[in-house]
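So the chains spell out like this:
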Amino acid sequence: DIQMTQSPSTLSASVGDRVTITCRASQNINSWLAWYQQKPGKAPKLLIYKVSSLESGVPSRFSGSGSGTEFTLTISSLQPDDFATYYCQQYDTYSWTFGQGTKVEIK
Amino acid sequence: EVQLVESGGDLVQPGGSLRVSCAASGFTFSNFWMSWVRQAPGKGLEWVANIKQDGSEKFYVDSVKGRFTISRDNSKNSVYLQMNSLRVEDTAVYYCARARVAATPATFDIWGQGTMVTVSS
């Protein structure tokens, strides 16, 4: 099975900061890489699909990039509503795997 | 409004059984793959099971194979997860999720609010 490793596990940042979260796969994966945001006590919310496509209604400050085994989620200017935990997720031949999560905290 | 609503979570003893349900509304349910994803307290997300639109294909994470069964009833716009031989490590919030596009189950775009399953003596 493909393992997904996110870094960092926790990130402290201020409003207005540019934030980058990295997700590494244990082997090359295709373009089925997604990013989710989750707030405490709430269900995850899809932000990015197919590496870099922005889900409808998601602010344009969120962007995704990468290929092969390394992928990134970037928040261009962190807003108060963005403090949350972020997960990457891959899909490969009927197997779905999430990263362990990155918590974005207020600095 | 597109919506998924889970129900059926409960406290159950180790070795016991439980069925959780997910009712869909606001979209053509029979067109989409459906999934269950769980989250243990304070932990990350773990995909559990998927089912194809017509129920002909089902997939499970290794840790639940032989114990959990996913099913759906398109006439009732519902998906189910039958959980047998429950273990303490199955304790989690169980989310129902929809595949983003009908053609592939790759990404989950709609999630329910979750239902809590606690396995404890």
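Everything here concerns the structure above.
Everything numeric in this text was worked out from a predicted model, so none of it was measured. (Residues numbered from 1 in each chain as written. Chains lettered and ligands numbered in written order. Predicted model: local features only at pLDDT ≥ 70, side-chain atom pairs only at ≥ 80, totals over all residues. Heavy atoms only, no water.)

**Considerations on the overall build of chain A**
What chain A contains, in helices and strands, is 0 helices and 11 strands. Here the C-alpha radius of gyration of chain A, 13 Å, is about what a compact globule of 107 residues would show, namely 13 Å. With respect to the three principal axes, the spread of C-alpha positions in chain A is 40 × 25 × 25 Å. By the burial criterion, 49% of the 107 residues in chain A qualify as buried. Long-range contacts, defined here as pairs at least 24 residues apart, represent 54% of the contacts in chain A between residues at least 6 apart. Here chain A holds 9 positive side-chain charges and 8 negative ones, and the gap between their average locations is 6 Å. (Helix = DSSP H or I, 4+ residues; strand = E, 2+ residues; numbered from the N terminus. Rg over C-alpha atoms; globule rule 2.2 N^0.38 Å. Buried < 20%, exposed > 50% of the residue type's maximum accessible area, 1.4 Å probe, protein only. Contact = heavy atoms within 4.5 Å. Lys, Arg positive; Asp, Glu negative; His and termini not counted. Charge placed at Lys NZ, Arg CZ, Asp CG, Glu CD.)

**Quick look at the interface of chain B and chain A**
Contacts between the two partners involve 22 residues from chain B, matched on the other side by 18 residues from chain A. In this assembly, chain B packs against chain A so that about 1700 Å² is buried in total across both faces, 65% of it on carbon and sulfur atoms. Seen at the junction of chain B and chain A, the total is 1 salt bridge. A salt bridge links R100 of chain B to E55 of chain A; the nearest nitrogen and oxygen atoms lie 3.0 Å apart. Connecting chain B to chain A are 9 residue pairs in polar contact (both at pLDDT 80 or more). Broken down by secondary-structure element, the contributors of at least two residues to the side of chain B that touches chain A are β4 (34-39), β5 (45-51), β9 (92-101) and β10 (104-111) of chain B. Tallying contributions element by element places β10 of chain B first for the side of chain B that touches chain A, with 7 residues. Across the side of chain B that touches chain A, the residue classes tally to 10 nonpolar, 6 polar and 6 charged. (Buried area = accessible area lost by both parts, 1.4 Å probe. Salt bridge = Lys/Arg side-chain N within 4 Å of Asp/Glu carboxyl O. Polar contact = N/O pair within 3.5 Å; in protein donor to acceptor, adjacent residues only side chain to side chain. Nonpolar A, V, L, I, M, F, W, Y, C, P; charged D, E, K, R; others polar.)

**Section: the sheet that holds strand β8 (residues 78-83) of chain B**
Residues and elements named next belong to chain B. The strand order across the open sheet built from 4 strands is β1-β3-β8-β7, with neighbouring strands paired in antiparallel fashion. Bordering the open sheet on either side are β1 (3-7) and β7 (68-73), each of which pairs with just one other strand. Mean inter-strand twist for the sheet, computed between neighbouring axes without regard to direction, equals 15 degrees. Where β7 meets β8, 6 bridges bridge the pair, whose relative direction is antiparallel. Note that in β8 the partner of T69 across the bridge is Q82. (Pairing = 2+ DSSP bridges. Axes fitted to C-alpha atoms, helices over the stretch in contact; angles between N-to-C directions.)

**Observations concerning the state of the cysteines**
All names here are of chain B. Across all of its chains, the model carries 2 disulfides over all chains by this definition. With its sulfur 2.1 Å from that of its partner, C22 forms a disulfide with C96. Of note, the bridge from C22 to C96 carries an S-S torsion of about -70 degrees and is left-handed in sense. Residue C22 is located in strand β3 (residues 18-25), and its partner C96 is located in strand β9; the two are separated by 74 residues in the primary sequence. (Disulfide = S-S within 2.5 Å.)

**Describing the pattern of salt bridges**
All names here are of chain A. The tally for this structure, following the rule as stated, stands at 11 salt bridges over all chains. Here E70 and R24 are joined by a salt bridge, their closest N and O atoms 3.1 Å apart. Of the two residues, E70 sits in strand β8 (residues 70-75) while R24 sits in strand β3 (residues 19-25), which places them 46 residues apart along the sequence. When its relative accessible area of 38% is taken as the criterion, E70 is described as partly exposed.

None of the figures reported here should be taken as evidence of function without further support.
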